[in-house]
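The lines below spell out each chain.
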Amino acid sequence: DTGVSQDPRHKITKRGQNVTFRCDPISEHNRLYWYRQTLGQGPEFLTYFQNEAQLEKSRLLSDRFSAERPKGSFSTLEIQRTEQGDSAMYLCASSLAGDPPYGYTFGSGTRLTVV
Amino acid sequence: LAKTTQPISMDSYEGQEVNITCSHNNIATNDYITWYQQFPSQGPRFIIQGYKTKVTNEVASLFIPADRKSSTLSLPRVSLSDTAVYYCLVGDGTGANNLFFGTGTRLTVIP
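Residues numbered from 1 in each chain as written. Chains lettered and ligands numbered in written order. Predicted model: local features only at pLDDT ≥ 70, side-chain atom pairs only at ≥ 80, totals over all residues. Heavy atoms only, no water.

Draft legend 1. Just the pattern of salt bridges, in detail. All names here are of chain A. Under the defined criterion, the tally for this structure stands at four salt bridges over all chains. For glutamate 44, the salt bridge goes to arginine 36, with nearest N and O atoms at 4.0 Å. With a relative accessible area of 30%, glutamate 44 lands in the partly exposed category. Where glutamate 83 meets arginine 64, a salt bridge forms, and the shortest distance between an N and an O atom there is 3.4 Å. Remark: arginine 64 occurs in the loop between β6 (53–57) and β7 (65–68) and glutamate 83 occurs in the loop between β8 (75–79) and β9 (88–95); sequence separation between them is 19 residues. Several salt bridges converge on common partners, so that one network encompasses Arg64, Glu83 and Asp86. (Salt bridge = Lys/Arg side-chain N within 4 Å of Asp/Glu carboxyl O. Buried < 20%, exposed > 50% of the residue type's maximum accessible area, 1.4 Å probe, protein only. Helix = DSSP H or I, 4+ residues; strand = E, 2+ residues; numbered from the N terminus.)

Draft legend 2. Structural context of the state of the cysteines. All names here are of chain B. In this structure the tally under the stated criterion is two disulfides over all chains. Linked covalently through their sulfurs, cysteine 22 and cysteine 88 form a disulfide whose S-S length is 2.2 Å. On the S-S bond that ties cysteine 22 to cysteine 88, the torsion sits near -80°, and the link is left-handed. Remark: cysteine 88 occurs in strand β8 (residues 84–91) and cysteine 22 occurs in strand β2 (residues 18–23); sequence separation between them is 66 residues. Taken as a pair, cysteine 22 and cysteine 88 share a single burial class, namely buried. (Disulfide = S-S within 2.5 Å.)

Draft legend 3. Structural view of the sheet that holds strand β5 (residues 53–56) of chain B. Residue and element names in this part refer to chain B. Across the sheet, four strands lie side by side as β2-β7-β6-β5; this open sheet has antiparallel pairing. The strands lining the two open edges of the sheet, one partner per strand, are β2 and β5. Neighbour-to-neighbour, the strand axes of the sheet open up by a mean angle of 15°, direction not taken into account. Looking at chain direction, β5 and strand β6 (residues 61–64) are connected through four bridges and run antiparallel. Across the sheet, the residue bridging to threonine 53 is isoleucine 64, located in β6. (Pairing = 2+ DSSP bridges. Axes fitted to C-alpha atoms, helices over the stretch in contact; angles between N-to-C directions.)

Here you go:
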């Protein structure tokens, strides 16, 4: 297993276009998370899945954002009608569920630039 | 939401031990303390996690006093490659919305 993979690594899009990012978690991990990070800030939580169920969504996740995790494997994050404020690094992470909690394994992210 | 407070930045010379302290005054009984490291253009990397007292792994040590309102990440004999941002988080692992990364501590290791 090569860790958490994200595709694409970079995406430049025009304002108003839709974009979709893909995340392939570590295969045995049942939890998957999406974060957004802007320059100089820490990652901000967007949403979280346990298997195929989306269990939490941040209030940051506007109606233009949607995430799916069909069959509890890979996940996609779609942003509709992109705005310049959506420019950021989008990070995916996965973990096992457990007590004590397991640490997250992050991917290298998808850097989105909206022009 | 158990937020944390860390120094914004720290400098250290190569070969020295670095201690980064994090305050988490409103930590809950079930919360664990976790530290991540992040290099530019990469996702954060898990370093260490603890609940109380001391935890040590091959990379770092984590010291947690009895009241658990703070914790200290200790990096022994840092090298230039340890230059990164270090985040302290607290949470109970039952969800993700209660994990707040904050702005972290930017550690710069000087030759």
